[in-house]
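Residue strings, one per chain:
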There are 2 protein chains.
Amino acid sequence: MTDSGLDSVQSPQCLVNGQQLSELSVLDRGLAYGDGLFETMRVAEGRIALLEYHLARLRRGIAALKMEADLTEIVTELNMAAAQLHNGVLKMILTRGLGKRGYGIPSPVQPTRICQSLPPVDYPVDNARNGVRLFECQTRMAIQPLLAGIKHLNRLEQVLARSEWSDTTYAEGMVRDTSGNVIECTMSNIFMLHEGRWVTPDVSGCGVQGIMRDYLIDQLGQIDDPVEVMTVDLSTLMESTEVFCCNSLFGVWPVIGLKNASWPIGPRTRQAQRLAEQVI
Amino acid sequence: MTDSGLDSVQSPQCLVNGQQLSELSVLDRGLAYGDGLFETMRVAEGRIALLEYHLARLRRGIAALKMEADLTEIVTELNMAAAQLHNGVLKMILTRGLGKRGYGIPSPVQPTRICQSLPPVDYPVDNARNGVRLFECQTRMAIQPLLAGIKHLNRLEQVLARSEWSDTTYAEGMVRDTSGNVIECTMSNIFMLHEGRWVTPDVSGCGVQGIMRDYLIDQLGQIDDPVEVMTVDLSTLMESTEVFCCNSLFGVWPVIGLKNASWPIGPRTRQAQRLAEQVI
C-alpha cells in the first residue's frame, strides 16, 4: 500500500469520468465559463479527512448552480482514489459537462468528474509552529450572495489577490470585500479572539465556507467555546487578541502579524490547532 | 475556398497552441480557476468582423489579469483560421496556462491558446426583423470593478441568469446589478433612446464591454447621434422610447417588450442596425 501510494505521488493520477486521462474536451463548460465546482481534500492513511463536510459543501454548490450530479458515484470514486493514494491530496473538479454554444444549459447534460491524485503539500512546518504573517491584499471581493460560500470554479478574485505578493515573509493574504469588511484569506478562513470570544466572518455575501472553518465551529461549540459568525470590520480584527487562519489541508496556522499589529500565539489558538490536527 | 469553409463547418476545427487538438490538460488554470479570457468573433468571407475591437478588449483583459501573452501570434492564428473557415464563428480562449498547485501564478508560465472554428449561428431572422422580447432576470451581477468590462472566463453569473428562462418567447434576458441598475443582457449589451438621446449602461462596475457596443458608440458619435454611457436605473429603461440589444454575432435586435412595457421599432434603431450590418 505504501509503495502504490508512493508511485501515485511520483506520477499524479487523474480520472476523467472514471477513465484514466489527463485531458478534457475544450468544449467543457468548466473551461468555457468556470461552470462547475471543486473540492481539495486531504488524504491520510487512505482516508479522506472531513469527507462529510466536503460532500455537504459539494451538495450546496450543486444546488446553487442547478447542476445534476450523482454524489454516490463521486463518493465511490473518491474513496477508491484515496485508498490508492494513501497519503496526499485529492482534487475533485465537477463541471456542468460538455457545452453547446452559449450560456444556456444544454439538456440533457452529463457532468464531468475530474479526480486528481496529488502528493501531499509540503507547507513549511514553521507556519504551524511559529505562526505566519498576513499580507494585506488590496483586491476586494465582490458581494454576490448567489455564489458565496460554495467552491465554484470562478476564482479570478483569489488569483488576483494572491498575485499581489511574492515576498515569502507572508504565508497568506487577508482579503476584504468591496464594503471593506474582512472576509477571509486567499486560500483559508480567518478566526479571531475578540473580547474573549472566537469570531469568524460571515461568508454569505462572498468568500468560501471552508471545511475546516465549519469543522472548528462545530468542535469549538461542543467544548463550550462557541464561534460567532458575524460581519467583521478591520478594527475588530486589529483589536483581537489571537488570530489564526485555517483550511482542510494545513489545519490551523496561528497569525502573528498583519500591518502594524502583532499577536501572540495563545493557548486557545493551540487548542483549535489540536482540534484540526485530530482530523487531518 | 468555399468548399474548405463548408468542410470546416461540418467538422469544427480546434487548435490548442497551434496544434490540431480538441482537448487540453486538466491542469490548465483556465479550467481550475477560470483564469483566462475569451473572444467570440464573427467571420464573413474569410475576414474577422471588428477584429481591432476584439484585440483591444483582449489587451485590456490581459492587463487586468496580469497575463503575459503574445498578441502577434494570436492575430496570425486568428487570421489563418478565419481564412480557412470562410464563414462562421471563431472562438479564441486564452488561459493563463498550466498551473501548479494553488492560486499563485507560476513563473515562468506559458499561456494556452485555444482557437475553435465554429459554424455560423442561425438566430431566427425574425429577431432582427420584428424585434425581441426580453425576460427580466432575477440574477443580479456583483459589482467588481477589477473584472468589469473584460471578457474573462468567470461567467457563472451569466450562466445563472440565462438558466432562469426556457420559454422561447424571450430571445434575451435583461440583467441588473446588485444595486438594481440595468447593466446588460445575458449575451449582449443594451441601448435605449431616452429623452431623444441614445443611452447605454456604464459597465465599469460589472458587465461586459461589448465589441458591437463600442463600435456603435463610435459610429453613432460620428453621425452626430452620440451615445451617453451612464448609470441606468430601471425607470430610465422603462421610460425610453426605443430599445435594442447588440452583440458582435447578431448585430442589433430591436427590443419590443419587457415586463409591461412595449416599444416600437423606430427609425433610429433601424439606423443602428444598418451600421451593425455593415460590419458583420
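Cut-offs and rules
- Residues numbered from 1 in each chain as written.
- Chains lettered and ligands numbered in written order.
- Predicted model: local features only at pLDDT ≥ 70, side-chain atom pairs only at ≥ 80, totals over all residues.
- Helix = DSSP H or I, 4+ residues; strand = E, 2+ residues; numbered from the N terminus.
- Rg over C-alpha atoms; globule rule 2.2 N^0.38 Å.
- Pairing = 2+ DSSP bridges.
- Least-squares fit on C-alpha atoms with pLDDT ≥ 70 in both.
- Contact = placed C-beta atoms within 7 Å.
- Buried ≥ 20, exposed ≤ 12 C-beta atoms within 10 Å, placed from the backbone.
- Nonpolar A, V, L, I, M, F, W, Y, C, P; charged D, E, K, R; others polar.
- Domains from an automatic or database assignment.
- Expected span 1.5 Å × (residues − 1).
- Arc of directions from axis to C-beta.
- Axes fitted to C-alpha atoms, helices over the stretch in contact; angles between N-to-C directions.
- Left-handed = near helix turned anticlockwise from the far one by under 90°.
- Parallel < 35°, antiparallel > 145°, perpendicular 65-115°, else oblique.

## Regarding the overall build of chain A
The secondary structure content of chain A amounts to nine helices and 16 strands. For a compact globule of 280 residues, the expected C-alpha radius of gyration is about 19 Å, and chain A comes in at 19 Å, within 12% of that figure.

## Quick word on the pairing of strand 11 (residues 189-194) of chain A
Side chains on a regular strand alternate between the two faces of the sheet. Residue and element names in this part refer to chain A. Here strand 11 pairs with strand 14 (residues 242-247) via five bridges, running antiparallel. Note on strand 14: the bridge partner recorded for Leu-193 is Glu-242. Taken together, the three bridges between strand 11 and strand 12 (residues 197-201) define a ladder with antiparallel strand orientation. Opposite Met-192, over in strand 12, you have Val-199 as the bridge partner. The turn linking strand 11 back onto strand 12 is made up of two residues, and Glu-195 within it adopts a positive phi angle of 50°.

## Side note on the relation of the copies chain B and chain A
When chain B is fitted to chain A, the residual RMSD is 0.0 Å, and the transformation amounts to a turn of 180° plus an axial shift of 0.0 Å. Expressed as a symmetry operation, the mapping of one chain copy onto the other fits a two-fold axis. Here 100% of the interface residues in chain B have copies in chain A that are interface residues too; the copies meet face to matching face.

## Some words on the environment of Leu134(A)
Residues and elements named next belong to chain A. Position of Leu-134 relative to the elements: it lies in strand 8 (residues 132-141). Classification of Leu-134 as buried rests on a count of 25 C-beta atoms within 10 Å. Between the C-alpha atom of Leu-134 and that of Val-232, which follows or precedes it by 98 residues, the distance is 17 Å. Once residues lying within four places of it in the same chain are set aside, the contact partners of Leu-134 are Tyr-170, Glu-172, Gly-173, Met-174, Cys-185, Val-255 and Leu-258.

## Observations regarding the interface of chain B and chain A
Contact residues are listed per partner, giving 42 residues for chain B and 42 residues for chain A. If you list the elements that add at least two residues to the side of chain B that touches chain A, you get strand 1 (13-16), strand 3 (23-25), helix 2 (29-33), strand 7 (112-118) and helix 6 (156-162) of chain B. In terms of residue class, the side of chain B that touches chain A is made up of 21 nonpolar, 15 polar and six charged. When strand 3 (residues 23-25) of chain A meets strand 3 of chain B, the two strands line up antiparallel, connected through three bridges. Counterpart to Leu24(A) in the pairing with strand 3 of chain B is Leu24(B).

## Structural notes on the domain arrangement of chain A
All names here are of chain A. Split by domain assignment, chain A resolves into domain 1 (2-118) and domain 2 (125-277). For domain 1 versus domain 2, the separation of C-alpha centres amounts to 26 Å. Taken residue by residue, the interface counts 19 residues in domain 1 and 14 residues in domain 2. Looking at the side of domain 1 that touches domain 2, the element that brings in the most residues is strand 4 (residues 36-44), giving seven residues.

## With respect to helix 4 (residues 71-85) of chain A
Residues lying three or four places apart along an α-helix face the same way, a consequence of the helix completing one turn every 3.6 residues. Residues and elements named next belong to chain A. Between its terminal C-alpha atoms helix 4 stretches 20 Å, which fits the 21 Å expected from 15 residues at 1.5 Å a residue. Buried within helix 4 we find Ile-74, Leu-78, Ala-81, Ala-82 and Leu-85. Projected onto a plane normal to the axis of helix 4, the buried residues spread over an arc of 100° and lie on a single side. Relative to its buried face, helix 4 has exposed residues pointing more than 90 degrees away, namely Thr-72 and Thr-76. One or two residues past the end of helix 4 sits His-86, with phi positive at roughly 70°.

## Section: the packing of helix 3 (residues 51-64) of chain A against helix 7 (residues 211-222) of chain A
Residues and elements named next belong to chain A. Remark: helix 3 packs on helix 7, axes separated minimally by 9 Å, with the N-to-C direction vectors making an angle of 115°. Here helix 3 and helix 7 pass one another in a crossing that is right-handed. The residues of helix 7 that touch helix 3, namely those facing Tyr-53, His-54 and Arg-57, are Ile-211, Asp-214 and Tyr-215.

## Side note on the sheet that holds strand 1 (residues 13-16) of chain A
Residues and elements named next belong to chain A. Strand order in the open sheet formed by six strands is 2-1-7-6-4-5, and the pairing between neighbours is antiparallel. Edge positions in the open sheet fall to strand 2 (19-20) and strand 5 (47-48), since each of these has one partner strand only. One ladder, built from two bridges, connects strand 4 with strand 5; its direction is antiparallel. By the bridge assignment, Ala-44 is partnered in strand 5 with Arg-47. Against the sheet, helix 3 makes contact with strand 4 and strand 5, and its axis sits at roughly 175° relative to strand 4, the strand it touches most.

## Let's talk about helix 3 (residues 51-64) of chain B
Residues and elements named next belong to chain B. With 14 residues, helix 3 ought to run about 20 Å at 1.5 Å a step, and its terminal C-alpha atoms sit 20 Å apart, in line with that. Lining the buried residues of helix 3 we find strand 4 (36-44), helix 4 (71-85) and helix 7 (211-222). Remark: Lys-66 follows helix 3 within two positions and exhibits a positive phi of approximately 55°.

## What to know about the sheet that holds strand 2 (residues 19-20) of chain B
Residues and elements named next belong to chain B. Sheet architecture is open: six strands sit in the order 2-1-7-6-4-5, paired in antiparallel fashion. The open sheet is flanked by strand 2 and strand 5 (47-48), the only strands paired with a single partner. Contacting strand 4 and strand 5, helix 3 runs over the sheet at an angle of about 180° to strand 4. This element, helix 4, spans strand 1, strand 4, strand 5, strand 6 (88-95) and strand 7 of the sheet and lies at about 15° to strand 7.

## Brief notes about the packing of helix 7 of chain B against helix 9 (residues 267-277) of chain B
Residue and element names in this part refer to chain B. At a minimum axis distance of 10 Å, the contact between helix 7 and helix 9 shows a crossing angle of 115°. With respect to helix 9, the element helix 7 is oriented roughly perpendicular. Along this stretch, helix 7 crosses helix 9, giving a crossing that reads as right-handed. Here Met-212, Leu-216, Gln-219 and Leu-220 of helix 7 come into contact with helix 9, specifically with Ala-272, Leu-275 and Ala-276. Class assignment for the residues of the contact of helix 7 with helix 9 results in six nonpolar, one polar and no charged.

## Re the environment of Glu157(A)
As for its position among the elements, Glu157(A) is in helix 6 (residues 156-162). The contact partners of Glu157(A), leaving out residues within four places of it in the chain, are Thr139(A) and Met141(A).

## Observations concerning unusual backbone geometry
Residue and element names in this part refer to chain A. Pro-108 follows Ser-107 through a cis peptide bond whose omega is 0°. Along the polypeptide, Pro-108 turns up in the loop between strand 6 (88-95) and strand 7 (112-118). In the Ramachandran plot, Glu-195 falls in the positive-phi region, its phi being about 50° despite a non-glycine side chain. Tracing the chain through its elements places Glu-195 in the loop between strand 11 and strand 12.

## With respect to the environment of Leu50(B)
Residues and elements named next belong to chain B. Tracing the backbone through its elements, the reader meets Leu-50 in the loop between strand 5 and helix 3. Given 18 C-beta atoms within 10 Å, Leu-50 falls into the partly exposed group. A C-alpha to C-alpha distance of 20 Å links Leu-50 and Phe-244, two positions 194 residues apart in sequence.

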